[in-house]
Amino acid sequence: MRASLVLFLCLAAAAHAAAPQPPSIIGRAWLVGDLSSGQILASHGADERIEPASLTKLMTAYVVFGALREKKISLGQQVPVSVRAWRAPGSRMFIEPRRPVTVDELIRGMEVQSGNDACIALAEAVAGSEEVFVQMMNRAAERLGLKNTRFVNATGLPDAKHYSTAGDLYKLSAALIRDFPAEYSQYYALKEFRYNNVPQLNRNRLLWLDPTVDGVKTGHTEAAGYCLIASSKRGSRRLLSVLLGGTSESGRAQESLKLLNWGFQLFDSVRLYGPGDAVKSLPVWKGTARAVKVGAQGELLVTVPKGEAEKLKAELVSQQPLIAPVAIGQQVGTLRVTFDGKPYAEYPLLALESVAPAGLLGRAWDTLRLWFK
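It should be emphasised that the depicted structure is a prediction, and the values quoted were computed from it without experimental measurement.

### Focus: the overall build of the protein
Then step 1. The helix and strand tally for the protein stands at ten helices and 17 strands.
Then step 2. For the protein, the spread of C-alpha atoms along the principal axes amounts to about 80 × 50 × 35 Å.
Then step 3. Looking at the 373 residues of the protein, the share that counts as buried comes to 51%.
Then step 4. Across the protein, contacts joining residues at least 24 apart in sequence account for 67% of those joining residues at least 6 apart.
Then step 5. Separation between the mean location of the 44 positive side-chain charges and that of the 34 negative ones in the protein comes to 4 Å.

### Observations concerning the side chain of T56
Then step 1. Relative to the helices and strands, T56 resides in the loop between strand 3 (39-44) and helix 1 (57-69).
Then step 2. Aside from chain neighbours lying at most four places away, what touches T56 is M137, F151, N153, A154, T155, G156 and H162.

### What to know about the nonpolar core
Then step 1. Judged by nonpolar contacts, the single largest core of 65 residues is most densely connected at M59, F65, I95, L106, Y188 and L244.
Then step 2. Discounting residues that sit within four places of it in the chain, L244 has contacts with G27, R28, A29, I50, L55, T165, A166, L169, Y226 and C227.
Then step 3. Core analysis: the second largest hydrophobic core is formed by 28 residues, V279, V294, V304 and L316 among them.

### Notes on unusual backbone geometry
Then step 1. The omega angle of the peptide bond from G215 to V216 is 20°, so this bond is cis rather than trans.
Then step 2. A cis amide bond, omega 5°, links Q320 with the succeeding residue P321.
Then step 3. You will see that K71, though not glycine, has its phi angle at about 60°, which is positive.
Then step 4. Within the secondary structure, K71 is located in the loop between helix 1 and strand 4 (78-79).
Then step 5. Within the chain, S114 stands out as a residue other than glycine whose phi angle is a positive 55°.
Then step 6. According to the relative accessible area criterion, S114 is buried, its value standing at 4%.

### Some thoughts on the packing of helix 1 against helix 5 (residues 130-143)
Then step 1. At their nearest, the axes of helix 1 and helix 5 sit 10 Å apart, and the two run at 95° to each other. Considering their axes alone, helix 1 and helix 5 lie roughly perpendicular with respect to each other. Residues M59, T60, Y62, V63 and V64 of helix 1 form the contact with helix 5, whose participating residues are F133, M136, M137, A140 and A141.

### Thoughts on the pattern of salt bridges
Then step 1. Throughout the structure, instances matching the rule amount to 16 salt bridges.
Then step 2. The salt bridge partner of R271 is E299, with a shortest N-O separation of 2.7 Å. With R271 in strand 11 (residues 267-273) and E299 in the loop between strand 13 (291-295) and strand 14 (300-305), this residue pair connects regions lying 28 residues apart in the sequence.
Then step 3. With a relative accessible area of 46%, R271 lands in the partly exposed category.
Then step 4. Accessibility expressed as a relative area gives 41% for E299, which makes it partly exposed.

Rules and cut-offs
Residue positions are given per chain, counting from 1 as you read along its sequence in written order. For this predicted model, a pLDDT threshold of at least 70 governs which residues receive local features, and a threshold of 80 or more governs which side-chain atom pairs are given and counted, while totals over whole chains, interfaces and linings are taken from all residues. Hydrogen atoms and water are omitted, and side-chain values are computed over all heavy atoms in the structure. For helices the rule is a DSSP run of H or I covering at least 4 residues; for strands it is a run of E covering at least 2, with both sets numbered from the N terminus onward. Only protein chains enter the accessibility calculation, which uses a 1.4 Å probe. A residue is then buried if its area is under 20% of the maximum for its type, exposed if over 50%, and partly exposed in between. Residues are treated as being in contact if the distance between any of their heavy atoms lies within 4.5 Å. The positive count covers Lys and Arg only, the negative count covers Asp and Glu only, and His and the chain ends enter neither. Charge positions are represented by NZ for Lys, CZ for Arg, CG for Asp and CD for Glu. Put simply, buried Ala, Val, Leu, Ile, Met, Phe, Trp, Tyr and Cys residues joined by side-chain atoms within 4.5 Å make one nonpolar core. In this description, a line fitted to the C-alpha atoms serves as the axis of each element, helices being fitted only across the stretch in contact, and the angle between N-to-C directions of two axes falls anywhere from 0 to 180 degrees. Oblique is the label for any angle not under 35 degrees, not over 145, and not in the 65 to 115 range, which are roughly parallel, roughly antiparallel and roughly perpendicular in turn. Take a side-chain nitrogen of Lys or Arg and a carboxyl oxygen of Asp or Glu: if they are within 4 Å of each other, that pair is a salt bridge.

In structure tokens:
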């Protein structure tokens, strides 16, 4: 038996405007989404495979941050610089074989200067070799659901077998911000870094143009064009944009800012429920309680065009009958959200309390009741 309970959300709203059209963007592929709600607001060519260039270093950082959390390496640890790392082509932070360098310095060199030499040194520190480290990168990509991504190096140097998409890079950036918030805030808003008496500036121009931007990463090769993944937090909302195949360094900044401003100015974030809020109580059979409160794991936010919140409706769908025992955190239903009558988002609903099995007599009585239900 399938039970469906429709909940009409009482949300204030104003005008009934048409869905906002995204701005005209110069770039091969692009995407903008609201990390607060997890919704993509607009995209173009999001599944087209491209050369990710130095955006690759987001996965390099993701694996390094994981190694730090697991205490396989430490920030103050001194890393020996191999000849391979020292001779890395492309952008560099200028490490040297006989000059001590710490993991913290290498991360800064990777993020601010996009140092290929820093990436190889970090890969060797974590995995012993870049080749083994790349295997770790691809396993992480698989876990994160990056279905159109394959890495063959830790730097983003061109290779026909090294590719990703705007959609996958969005997922990767979102995971980095979500899974490593302290590391993200520590490294990605840095505007400059000096190492070996060489001062270098972060290539992300938005760090200077917009004080709400705190990352994420630039990239450039002849084939990839000028790329930029940018994130901005204004109030309680955080937006993330991906721009691939831009025509210039200044152009990628301006186009990314257009996407971020469009998302902030023309959309609202609507709070449906807070963490631990009960959405509804569902009936429970053969248990010590007749009902169980259900809700979301965290805060539920939905992003909608400004003034259009009244077009939201939510439907709680649960599989019935729900038989005890029920454990706290067990998924017992789904909240399906529609906007203007069309599917918009889905969220798992969990039991907010446990329900133990009833005694023999109680279970027998409910068995009889279900028989005639």
